[in-house]
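# Understanding the architecture of this molecule
Here is how the chains run, residue by residue.
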Amino acid sequence: MNDACKSRKKLFNFFFRIRNVFLISFCCIFFYFSLPKELSAIDSGLGENLFKNYCAGCHINGGNIIRRSKNLKLSSLKRNGIDNSEAIAKIASQGIGIMSGYEDQLGDKGDQLVANWILEQAQKAWVQE
Ligand code: HEC
């Protein structure tokens, strides 16, 4: 057996020995993605953080410190026809009236995450558990 062949064999043996590491990682990844509840809890946490960082300044507890009537309570969202997460996400990223958009700060999908969280809170009347 020449040297090239030996080192190839060594390499093969190395991968053969660490194959369990691959198997276990694949199982972990699969397990992670098969937990929709856990995932949405993480997403919800992200939405909450985004809200605290970029929205709560004016919309503390779902209110509006500048235009009281344009708050995030369910009745107000319904009145203004934005009681769905798509409409809220659009406002979060593009802004509305005198409120500017937060597209750059929210990043990819951030608008959707924060909108879902807001809608969830509105449905619970902004009462924290
Ligand atoms: C600097 C203060 C400020 C910040 C920060 C802010 N908003 Fe607003 N928001 C306003 C004002 C003012 C209005 C009313 C705008 C108008 O109609 O002229 C408003 C309106 C809204 C409305 C419409 C509410 C309704 O009942 O019609 C939504 C939804 C909303 N904001 C979501 C958000 C989200 C999501 C964030 C964070 C990404 C955010 N806002 C951050 C000031 C702010």
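Treat the numbers as computed from the prediction; the structure is a model and nothing was measured.

This next bit is on the overall build of the protein. Helix and strand counts for the protein come out as 8 helices and 2 strands. Walking the protein from its N terminus toward its C terminus, one meets helices and strands in the order α-α-α-α-α-α-β-β-α-α. For 129 residues, the compact-globule estimate of 2.2 N^0.38 gives 14 Å, and the C-alpha radius of gyration of the protein, at 24 Å, exceeds that figure by more than 25%. Each of the three principal axes of the protein carries a C-alpha extent, and together these read 85 × 30 × 20 Å. Looking at the protein as a whole, 20% of its 129 residues are labelled buried.

Next up on the list: helix α6 (residues 85-94). Among all positions in α6, only Ser85, Ile88, Ala89, Ile91 and Ala92 are buried. Taken around the axis of α6, the buried residues stretch over an arc of 160°, which confines them to a single face. Once α6 finishes, glycine 95 follows within two positions and takes phi at roughly 85°, a positive value.

Let us now look at the domain arrangement of the protein. Domain boundaries assigned for the protein yield domain 1 (1-34) and domain 2 (36-123). Computed over C-alpha atoms only, the centres of domain 1 and domain 2 are separated by 46 Å.

Moving on, we get to the site of the ligand. By nearness alone, 25 residues border the ligand, and Cys55, Cys58, Ala92, Gly97 and Met99 come closest of all. For the shell around the ligand, the elements supplying multiple residues, two or more each, are α4 (56-59), α5 (74-79), α6 and α8 (110-123).

One finds Ile88, Ala92, Val114, Ala115 and Ile118 to be the most contacted residues of the largest nonpolar core, which totals 18 residues. Mapped by element, the contributors of at least two residues to this core are α3 (36-54), α6 and α8. Sort the elements by how many residues they give to this core and α8 lands first, with 7 residues. Once you skip the residues sitting within four places of it in the chain, alanine 92 turns out to touch Tyr102, Leu106, Asp111, Val114 and Ala115.

The next thing to look at is unusual backbone geometry. As a rule of thumb, non-glycine residues mostly have phi less than zero, and peptide bonds are mostly trans rather than cis. In this structure, asparagine 61 takes a positive phi of about 55° despite not being glycine. Within the fold, asparagine 61 resides in the loop between α4 and α5. Here the phi dihedral of tryptophan 126 falls at roughly 60°; this positive angle occurs in a residue that is not glycine. Its place among the elements puts tryptophan 126 in the segment after α8.

The next thing to look at is the environment of phenylalanine 51. Examined against the element boundaries, phenylalanine 51 turns out to sit in helix α3. Residues contacting phenylalanine 51, with those up to four places away along its chain left out, are Ala56, Val114, Trp117 and Ile118.

Definitions and limits used
Sequence order as written defines the numbering, with residues in each chain counted from 1. Restriction of local features to residues with pLDDT of at least 70 applies here, the model being predicted, together with a cutoff of 80 or more for giving and counting side-chain atom pairs; totals for whole chains, interfaces and linings are based on all residues. In DSSP terms, a helix is any run of H or I states spanning at least four residues, a strand is any run of E spanning at least two, and both are numbered starting from the N terminus. Only C-alpha atoms enter the radius of gyration, while the globule expectation follows 2.2 Å times N to the 0.38, with N the number of residues. Residue burial is a threshold on neighbouring C-beta atoms within 10 Å of the residue's own C-beta, all placed from the backbone, with 20 or more meaning buried, 12 or fewer meaning exposed, and counts in between meaning partly exposed. Here the arc refers to the directions that run from the helix axis out to each C-beta atom. The split into domains, and so the bounds of each, comes from an automatic or database assignment of domains. As a rule, any residue with its backbone-derived C-beta atom within 6 Å of a molecule or strand is reported as near that molecule or strand. For this analysis, nonpolar core means a set of buried Ala, Val, Leu, Ile, Met, Phe, Trp, Tyr and Cys residues linked through C-beta atoms within 7 Å. Contact between two residues is assigned whenever their backbone-derived C-beta positions fall within 7 Å.

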